[in-house]
Amino acid sequence: MLAQGDRPGPGTGSEDCARGAVSRGVPLRIVWNDALSLGITEIDHDHQRLCMLYSELRSLMKSSRGGEMLQQALSDLVEYTQTHFAREETWMREYHYPGTVAHVFEHRTLTNKVLSLYEAQTSDTTTRVAVETLHLMGAWIPQHILGTDQRMSAYLQKVGFGQ
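Small disclaimer: the values here were computed from a predicted structure and weren't measured.

1. Focus: the overall build of the protein
Secondary structure summary: the protein contains 4 helices and 2 strands in total. The linear arrangement of helices and strands in the protein, starting from the amino end, is β-β-α-α-α-α. Burial status across the protein gives 46% buried among its 163 residues. Sequence-distant contacts, at least 24 apart, represent 69% of the contacts inside the protein between residues at least 6 apart. Accessible area of the protein: about 8500 Å², with a carbon and sulfur share of 51%.

2. Considerations on the pattern of salt bridges
Applying the stated criterion across every chain yields a total of 2 salt bridges. In this structure, Glu89 engages Arg108 in a salt bridge whose closest nitrogen and oxygen atoms are separated by 2.7 Å. In this pair, Glu89 is assigned in helix H2 (residues 67-94) and Arg108 in helix H3 (residues 100-120), connecting sequence segments 19 residues apart. Here Arg108 falls in the partly exposed class, since its relative accessible area comes to 38%.

3. A few points about the environment of Val104
Following the sequence through the fold, Val104 ends up in helix H3. Relative accessible area serves as the criterion here: at 11%, Val104 is assigned to the buried category. Counting along the chain gives 15 residues from Val104 to Glu89, while the straight-line C-alpha distance between them is 6.8 Å. When near neighbours in sequence (up to four residues on either side) are disregarded, Val104 contacts Glu89, Met92 and Arg93.

4. What about the nonpolar core?
Core analysis: the biggest nonpolar cluster contains 39 residues, and Ile43, Leu57, Met137, Ile141 and Leu156 have the highest contact counts within it. Among the secondary structure elements, those contributing two or more residues to this core are helix H1 (41-63), H2, H3 and helix H4 (126-158). For this core, the element with the most residues is H4, which contributes 11 residues. Those residues in contact with Leu156, other than ones at most four positions away along the chain, are Ile40, Ile43, Trp91, Tyr95 and Phe161.

5. Re H2
For H2, with 28 residues, the first-to-last C-alpha span of 41 Å sits near the 40 Å given by 1.5 Å per residue. His96 occupies a position one or two residues after H2 and carries a positive phi of about 55°.

6. Points about the side chain of Asp44
Locating Asp44 in the fold gives a position in helix H1. By relative accessible area, Asp44 is classed as buried at 8%. Once residues lying within four places of it in the same chain are set aside, the contact partners of Asp44 are Trp32, Leu36, Ser37, Leu38 and Gly39.

7. Things to note about H3
For H3, built from 21 residues, the straight-helix expectation of 30 Å at 1.5 Å per residue is met to within 8% by its first-to-last C-alpha distance of 30 Å. Among the residues of H3, Thr100, His103, Val104, His107, Leu110, Thr111, Val114 and Leu117 are the ones counted as buried. Within H3, the buried residues cover an arc of 160° as seen down the axis, which keeps them to one side. Facing away from the buried side of H3, by more than 90 degrees, are the exposed residues Val101, Phe105, Asn112 and Glu119. On the buried face of H3, the contacting elements are H2 and H4.

How each quantity is defined
- All residue numbers here refer to positions counted from 1 along the written sequence of the relevant chain.
- Given that the model is predicted, a residue must reach a pLDDT of at least 70 before its local features are reported, and side-chain atom pairs must reach 80 or more before they are shown or counted; all residues, however, enter totals for whole chains, interfaces and linings.
- Side-chain numbers here rest on the full set of heavy atoms in the structure, without hydrogens or water.
- Secondary structure follows DSSP: runs of H or I at least 4 residues long count as helices, runs of E at least 2 residues long count as strands, and numbering of each begins at the N terminus.
- Exposed residues in this analysis have more than 50% of their type's maximum accessible area, buried residues have under 20%, and partly exposed residues fall in between, with area computed by a 1.4 Å probe over protein chains only.
- Residue contacts are counted whenever heavy atoms from the two residues lie within 4.5 Å of one another.
- A 1.4 Å probe and the Shrake-Rupley method give the accessible areas. Residues count as covered only by the protein chains that appear here.
- Salt bridge, as used here: a side-chain nitrogen of Lys or Arg that lies within 4 Å of a carboxyl oxygen of Asp or Glu.
- Nonpolar core, defined: a set of buried Ala, Val, Leu, Ile, Met, Phe, Trp, Tyr and Cys residues in which side-chain atoms within 4.5 Å join the residues together.
- To estimate how far a helix should reach, multiply one less than its number of residues by 1.5 Å.
- In this description, the arc belongs to the directions extending from the helix axis to the C-beta atoms.

Right under this line is the structure:
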């Protein structure tokens, strides 16, 4: 794991730079560090919040406190992900980002998977849905930030976003 402020280099396993300890293939938390910072305050704050919501859901699931609290944490993660995506997509369109179509496709693909899981849950399957969501999001969040979002951020900064 990289220390605070370190940036991953080629071949350093940068896809793992944002993950904490792993249990049963699910990161216990997604650790925010400078490697995940895109240099755009609004997006970085959104990503920090997504990491926190992920960790809260993982913590609740691990503690077996389930029930309504687990459903609410799952709902919060799904909702905030959609809010964040809408914000990014607005900026991409407003600043004519050339990668908008592919980026939005990634957002829609994840959203559809997570909503499908979420809508399929019943009180008996909340834990299963939470585990599947954590598996999906635990891999997707850092990978998306370090790849797709980094490219978008570089473009937005180049064209004067936030100045």
